[in-house]
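Observations on the model geometry
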Amino acid sequence: DQQVKQNSPSLSVQEGRISILNCDYTNSMFDYFLWYKKYPAEGPTFLISISSIKDKNEDGRFTVFLNKSAKHLSLHIVPSQPGDSAVYFCAASFSGNTPLVFGKGTRLSVIA
Amino acid sequence: ETGVTQSPTHLIKTRGQQVTLRCSSQSGHNTVSWYQQALGQGPQFIFQYYREEENGRGNFPPRFSGLQFPNYSSELNVNALELDDSALYLCASSLEGGAHQETQYFGPGTRLLVL
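Residues numbered from 1 in each chain as written. Chains lettered and ligands numbered in written order. Predicted model: local features only at pLDDT ≥ 70, side-chain atom pairs only at ≥ 80, totals over all residues. Heavy atoms only, no water.

**Quick look at the overall build of chain A**
Looking only at helices and strands, chain A has 0 helices and 11 strands in total. The C-alpha radius of gyration of chain A comes to 13 Å, within 12% of the 13 Å expected for a compact globule of 112 residues. Referenced to the eigenvectors of the C-alpha coordinate spread, the extents of chain A come out at roughly 40 × 30 × 20 Å. Out of the 112 residues in chain A, the part that is buried amounts to 44%. A separation of at least 24 residues holds for 53% of the contacts in chain A among residues at least 6 apart in sequence. Split by element, the accessible area of chain A, about 5,400 Å² in all, is 50% carbon and sulfur. Once the 11 positive and 9 negative side-chain charges of chain A are each reduced to a mean point, those two points are 4 Å apart. (Helix = DSSP H or I, 4+ residues; strand = E, 2+ residues; numbered from the N terminus. Rg over C-alpha atoms; globule rule 2.2 N^0.38 Å. Buried < 20%, exposed > 50% of the residue type's maximum accessible area, 1.4 Å probe, protein only. Contact = heavy atoms within 4.5 Å. Areas by Shrake-Rupley, 256 points an atom, 1.4 Å probe, with all protein chains shown as cover. Lys, Arg positive; Asp, Glu negative; His and termini not counted. Charge placed at Lys NZ, Arg CZ, Asp CG, Glu CD.)

**Focus: the state of the cysteines**
Across all of its chains, the model carries 2 disulfides over all chains by this definition. Note that Cys23(A) is cross-linked by a disulfide to Cys90(A), the S-S spacing being 2.0 Å. Residues Cys23(A) and Cys90(A) share a disulfide whose torsion about the S-S bond is about -70°; that sign makes it left-handed. A residue pair is termed long-range when its members are at least 10 positions apart, and Cys23(A) in strand S3 (residues 19-25) and Cys90(A) in strand S9 (residues 86-93) qualify at 67 residues. At a sulfur-sulfur separation of 1.9 Å, the disulfide partner of Cys23(B) is Cys91(B). One quick way to see it: the torsion about the S-S bond of Cys23(B) and Cys91(B) is about 70°, and its sign makes the bridge right-handed. Within this pair, whereas Cys23(B) is found in strand S3 (residues 19-24), its partner Cys91(B) is found in strand S9 (residues 87-94), the two being separated by 68 residues in sequence. The pair formed by Cys23(B) and Cys91(B) is uniform in burial state, with each residue classed as buried. (Disulfide = S-S within 2.5 Å.)

The structure is reproduced here in structure tokens:
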């Protein structure tokens, strides 16, 4: 059973507009969440993270929002650029030395 | 500073065979985690090695085994290959057991096809 769910396999957005990628989780014990970006033939690269003690974390064009009561997080990219086209994975973990639990990913296409 | 490297990049095997995949961790990192990414799925944790000892294991059968060497490079061995083992195998290196998850660096992966 999937503990981290990304229900949209793909998303297309026009350049300059906002991209919103969503992620839901089922295990309320998760307390740290990350987003990774993956280009073809490359490994996932870390993008941004958020601890469960926060509800928002921002880094440049990327903002992650966490709604613990809904067990939902989202990644906002604004403005979207063609170079953002990639597969985005949401991942969750428990604090300390634990593995990451990934969602299935959402393929983002930013159209020029 | 060199990044995480994996070899080979691609591999084709037949059912029942054995395979060894290799990972060189980023300079200074003492922890390696292995993940399996099947087609259309997210990476799934196989196991982690920290200072040459297994330090956590996911829901994979014993025919998936690993090693970490004194230089912190690592191997993933899979015995008695099955068709469902076809996947991209990713390794990720980090420092001190990966407590800081964002400092986990992934290699490009080895794509294994089992026929």
